[in-house]
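Analysis of the macromolecular model
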Amino acid sequence: MRNSILFLFLTFLTFSCSKKTEPAEFNVATYNIRQLNSGDSAAGNGWGNRHSVIASLINFHGFDIFGTQEGFKTQLEDLKNQLPGYEYIGVGRDDGKEAGEHSAIFYRTDLFDLMDHGDFWLSETPEKPGLGWDAACVRICTWGKFRHKLSGKEFMFFNLHMDHVGTEARVESAKLVKQRIREIGNGIPAFVTGDFNVDQTNPSYDTFVGDGALKDSFETTDFRYALNGTFNSYHTDGFTTSRIDHIFTTPEINVKKYGVLTDTYRTEENPTDMDAKDAPKEIELKNYCARTPSDHFPVMIEVSF
């Protein structure tokens with residue numbers, strides 16, 4: 001009897017310890033979904049055409065937690081309605097409520113508990129809406145503290161959209177974000193996602209990674225699938241080596257895979273028959289218009305820590 005009790009106790013102890021040391025493993029992504037506007041609609045790239053494609057892309061590739069940029073409140077609600085099991089955090093940059101673009105964070109509620117969250121503006125007065133330094137637009141960063149349910153591991157997630165004009169604003173914004181990581185994160189693993197409006201050769205990029213406190217997941221990944229940069233301007237045939245959408249991580253996070261996802265879709269616009277050449281005669285090909293779901297490609301990584 002005594003041996004049986006000892007065996008049960010040791011089994012329980014082993015199970016408990018294994019659960020505590022189980023790594024957190026999930027997929028992280030960043031996606032500039034492009035704001036809703038009439039110019040895109042006139043060119044055939046309207047949100048009404050794109051949002052179901054974006055939602056399908058997210059579901060198929062398995063984004064577990066991801067940052068979005070440029071989305072208005074209505075766009076975020078459209079995505080949420082097509083992504084059952086996801087919630088999001090974030091406020092409008094114009095008023096700290098619903099007005100203007102958001103830097104929202106979407107997450108799967110079955111995988112993560114939201115422990116805390118907040119927002120700050122990329123400016124000299126980060127606690128209230130306003131322009132920062134030489135920026136052309138009001139810019140915001142949304143952050144969340146999450147717990148991975150399966151492992152119990154906690155981590156921080158920061159998502160932002162840096163200015164497209166202000167060179168000083170981008171450098172100072174990078175410094176501010178790193179400061180907030182230290183203050184809010186208190187040493188736990190952290191992710192920084194966003195549209196940084198600069199590529200890997202820019203000084204503000206160096207401000208993020210130069211001291212080693214953050215790492216570029218493109219550089220640290222075990223496996224990389226990146227056949228293009230991240231901005232496409234709605235061109236399916238364009239190519240660039242510039243990466244302006246980044247996922248930065250603290251050093252303890254192992255990036256197992258990194259990918260720039262260049263998915264496209266087709267729309268029917270005066271289609272014509274295409275010659276299938278050597279294909280069986282039953283094959284029918286039409287000439288449709290190739291399109292990208294946004295003017296940016298999403299970036300996804302698979303992580304473990």
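Shown above is the structure to which this text applies.
This structure is a prediction, so every number in the text was calculated from the model and none was measured. By convention here, each chain's residues receive numbers from 1 onward along its written sequence. The predicted nature of this model means local features are confined to residues of pLDDT at least 70 and side-chain atom pairs, given and counted, to a pLDDT of 80 or more, with totals for whole chains, interfaces and linings taken over all residues. Computation of side-chain values covers all heavy atoms of the structure but excludes hydrogens and water.

1. Here we look at the overall build of the protein
Think of it this way: any DSSP run of H or I at least four residues long counts as a helix, any run of E at least two long counts as a strand, and we number them from the N terminus. For the protein, the helix and strand inventory stands at seven helices and 15 strands. For the protein, the spread of C-alpha atoms along the three principal axes comes to 80 × 60 × 35 Å. The burial tally for the protein puts 48% of its 305 residues in the buried class. Contact between two residues is taken to exist if any of their heavy atoms lie within 4.5 Å; hydrogens are not considered. If you take every contact in the protein between residues at least 6 apart in sequence, the share linking residues at least 24 apart comes to 75%. Surface accessibility in these figures is a Shrake-Rupley result with a 1.4 Å probe; residues are shielded only by whichever protein chains are displayed. Accessible area of the protein: about 14600 Å², with a carbon and sulfur share of 52%. As used throughout, the charge tally considers Lys and Arg to be positive and Asp and Glu to be negative, leaving His and the chain termini uncounted. Each charge is placed at NZ for Lys, CZ for Arg, CG for Asp and CD for Glu. Taking the 31 positively charged and 44 negatively charged side chains of the protein as two groups, their mean positions are separated by 6 Å. Note on classification: 1.4 Å probe, protein chains only; a residue is buried when its accessible area is under 20% of the maximum for its type, exposed when over 50%, partly exposed between these limits.

2. Some points on the sheet that holds strand 12 (residues 254-260)
By the convention used here, strands pair only if DSSP detects at least 2 bridges between them. Spatially, 3-4-2-1-15-12-10 is the arrangement adopted by the seven strands of the open sheet, whose pairing is mixed. The sheet is open, and its two borders are formed by strand 3 (86-89) and strand 10 (223-225), each paired with just one other strand. Across the sheet, the axes of successive neighbouring strands diverge by a mean angle of 20 degrees, strand direction being ignored. Pairing between strand 1 (residues 25-32) and strand 15 (residues 299-304): six bridges, direction antiparallel. Across the sheet, residue Glu25 finds its bridge partner in strand 15, namely Ser304. The strands touched by helix 3 (residues 47-61) within the sheet are strand 1, strand 2 (65-69), strand 3 and strand 15, with strand 1 carrying the most contacts at an inclination of about 160 degrees. Where helices are involved, their axes are fitted lines through C-alpha atoms of the stretch in contact, as for all axes, and angles between N-to-C directions lie from 0 to 180°. Packing against the sheet, helix 4 (residues 73-82) makes contact with strand 2, strand 3 and strand 4 (105-108), and its axis sits at approximately 160 degrees to strand 3.

3. Digging into the nonpolar core
Core analysis: the biggest nonpolar cluster contains 24 residues, and Phe26, Val28, Ile65, Phe146, Phe155 and Phe191 have the highest contact counts within it. Among the secondary structure elements, those contributing two or more residues to this core are strand 1, strand 4, strand 7 (154-161), strand 12 and strand 15. Setting aside its immediate chain neighbours within four residues, Ile65 contacts Phe26, Asn27, Val28, Ala29, Ile105, Phe106, Tyr107, Phe112, Phe146, Phe155 and Phe157. Nonpolar core, defined: a set of buried Ala, Val, Leu, Ile, Met, Phe, Trp, Tyr and Cys residues in which side-chain atoms within 4.5 Å join the residues together. One finds Phe120, Leu176, Phe208 and Val209 within the second-largest nonpolar core, a separate group that totals 21 residues.

4. Considerations on the pattern of salt bridges
Any Lys or Arg side-chain nitrogen found within 4 Å of a carboxyl oxygen on Asp or Glu counts as a salt bridge. Across all of its chains, the model carries 22 salt bridges by this definition. The closest approach of N and O atoms between Lys73 and Glu77, which form a salt bridge, is 3.7 Å. Here Glu77 and Lys73 lie together in helix 4, a separation of four residues that amounts to about one turn. Assessed through its relative accessible area of 26%, Lys73 is described here as partly exposed. Exposure remark for Glu77: the relative accessible area of 27% places this residue in the partly exposed category. Because the salt bridges share partners, they merge into one network encompassing Glu25, Lys256 and Glu302.

5. Comments concerning the packing of aromatic side chains
Note on aromatic pairs: the rings of Phe, Tyr and Trp (six-membered ring only in Trp) are paired at centre separations within 6.5 Å, and the planes decide the class, stacked below 30 degrees, edge-to-face beyond 60, tilted for the rest. Applying the stated criterion to the full structure yields 21 aromatic pairs. Ring geometry for Phe218 versus Tyr258: centroids 5.3 Å apart, planes at 85 degrees, classification edge-to-face. Linking Phe218 in helix 7 (residues 217-220) with Tyr258 in strand 12, this pair joins segments that are 40 residues apart in sequence. For the residue pair Phe218 and Tyr258, the accessibility class agrees, reading buried in each case. Three or more aromatic residues joined by ring pairs form one cluster here, namely Phe26, Tyr107, Phe112, Phe146, Phe155, Phe157, Phe191 and Phe305. Consider the ring centre and the ring normal. A charge sits over the ring if Lys NZ or Arg CZ is within 6 Å of that centre and within 35 degrees of that normal. It is Arg243 that lies over the ring of Phe218; its NZ or CZ is 3.7 Å from the centre.

6. As for a nonpolar patch on the surface
Where nonpolar side chains cluster on the molecular surface, the patch consists of Phe223, Tyr225 and Leu227 and spans about 350 Å² of accessible area. Its location among the elements puts Tyr225 in strand 10. Surface patches are drawn from residues lacking salt bridges whose relative accessible area is over 30%; two like charges belong together within 9 Å, two nonpolar side chains (Val, Leu, Ile, Met, Phe, Trp, Tyr) within 5 Å.

7. A word on the environment of Gly130
With respect to the secondary-structure elements, Gly130 resides in the loop between strand 5 (112-121) and strand 6 (140-148). In this structure Gly130 comes out as buried when scored by relative accessible area, which is 18%. Discounting chain neighbours no more than four positions away, the residues touching Gly130 are Trp121, Ser123 and Val138.

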